[in-house]
Every structure is written in C-alpha cells, then in structure tokens.
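The chain contents come next:
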Amino acid sequence: MKLNYYPETDSLYIDLSEKPSTESREVSEGIVLDYDATGNLVGIDIDNASTKVELEKLILSNLPGTIETDAA
C-alpha cells in the first residue's frame with residue numbers, strides 16, 4: 001500500500017494494490033474509488049485532500065509488513 005500526496009493539485013492517492021484500475025466510482029464529492037477487473041478495490045483518490053484529511057500526521061499501528069518512507 002502506498003500513500004501519495006500531490007501538493008500541486010491537493011490530491012491524495014492511496015494505492016491499495018499494484019493491480020491496474022479498470023473502473024472508477026465517485027462515492028462522494030471528490031472521493032473516487034478505483035476497482036480492478038474483478039471488482040476488488042485497488043485505490044482511493046481524494047481531491048482537495050487538505051480539507052478532508054489530516055495530512056500533517058500519519059499513525060501506523062500493528063502493520064505486519066515493512067514500513068518504508070520516501071521523502072519527495
């Protein structure tokens with residue numbers, strides 16, 4: 001899973017899977033869910049993220065995998 005913030009467009013994309021998206025559905029204004037060919041959720045796109053998400057703090061708890069950071 002990857003979280004990518006794009007300050008130039010104030011959007012946050014959450015990659016839940018490496019599978020490509022084949023369908024997108026806007027579920028709320030500026031919130032789009034992306035699905036793969038079998039209907040599994042693979043990503044979440046949040047427009048105007050700074051007004052919808054607390055971007056200043058990220059807390060990860062009890063994740064079973066490796067945590068990596070990539071400073072832009």
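Anything mentioned here points back to the structure above.
Computed from a predicted structure; not experimentally measured.

Visitor: Looking at this structure, how should I read the sheet that holds strand β2 (residues 11–15)?
Guide: By way of backbone hydrogen bonds, the strands of a sheet pair with one another, either parallel or antiparallel. As summarised here, the arrangement of the five strands in space is β1-β2-β5-β4-β3, forming an open sheet in which the pairing is antiparallel. Only two strands of the sheet have a single neighbouring strand rather than two, namely β1 (2–6) and β3 (23–28). Neighbouring strand axes in the sheet, compared pairwise and without regard to direction, differ in orientation by 20° on average. The sheet contact formed by β3 and strand β4 (residues 31–35) spans five bridges and is antiparallel. The residue bridging E26 from the neighbouring strand is V32, located in β4.

Visitor: Whenever I open this one, the pairing of β2 confuses me. Can you help?
Guide: In summary, the side chains of a regular strand alternate between the two faces of the sheet. Taken across its five residues, β2 has four buried, putting it largely inside the fold. Here β1 folds back onto β2 in antiparallel fashion, the turn holding four residues, of which D10 has a positive phi close to 50°.

Visitor: Just to check I follow, could you spell out the nonpolar core for this structure?
Guide: Among soluble globular proteins, nonpolar side chains are generally buried collectively. Residues L12, I14, I31, I46 and A49 constitute the largest nonpolar core, which totals five residues. When sequence neighbours within four positions are dropped, the list of residues in contact with I46 reads D10, S11, L12, I14, G30, I31, K52 and V53.

Visitor: Got a minute to help me understand the pattern of salt bridges in this structure?
Guide: Side-chain pairs of opposite charge can arise where the charged atoms are in close proximity. Here the structure, examined in full by the defined rule, presents two salt bridges. When the shortest N-O distance is used, the salt bridge between K19 and D36 registers 3.8 Å. Here K19, found in the loop between β2 and β3, pairs with D36, found in the loop between β4 and β5 (41–46); they are 17 residues apart in sequence, far enough to count as distant. For D36, a relative accessible area of 6% gives the class buried. Close ionic contact of E23 with R25 constitutes a salt bridge, the shortest N to O distance being 3.0 Å.

Visitor: How should I be thinking about the environment of N62 in this particular structure?
Guide: For N62, the location among the structural elements is in the segment after α1 (49–52). In this structure the side chain of N62 is engaged in a polar contact, spanning 3.4 Å, whose partner is the side chain of S61.

Visitor: Sorry, what's going on with unusual backbone geometry here?
Guide: Residues apart from glycine generally show negative phi values, whereas peptide bonds are mostly found in trans. For N48, which is not glycine, the phi torsion reads 50° and is therefore positive. Positionally, N48 belongs in the loop between β5 and α1. Within the chain, N62 stands out as a residue other than glycine whose phi angle is a positive 55°. When its relative accessible area of 77% is taken as the criterion, N62 is described as exposed.

How each quantity is defined
Residues numbered from 1 in each chain as written. Predicted model: local features only at pLDDT ≥ 70, side-chain atom pairs only at ≥ 80, totals over all residues. Heavy atoms only, no water. Pairing = 2+ DSSP bridges. Helix = DSSP H or I, 4+ residues; strand = E, 2+ residues; numbered from the N terminus. Axes fitted to C-alpha atoms, helices over the stretch in contact; angles between N-to-C directions. Buried < 20%, exposed > 50% of the residue type's maximum accessible area, 1.4 Å probe, protein only. Core = buried A, V, L, I, M, F, W, Y, C linked by side-chain atoms within 4.5 Å. Contact = heavy atoms within 4.5 Å. Salt bridge = Lys/Arg side-chain N within 4 Å of Asp/Glu carboxyl O. Polar contact = N/O pair within 3.5 Å; in protein donor to acceptor, adjacent residues only side chain to side chain.

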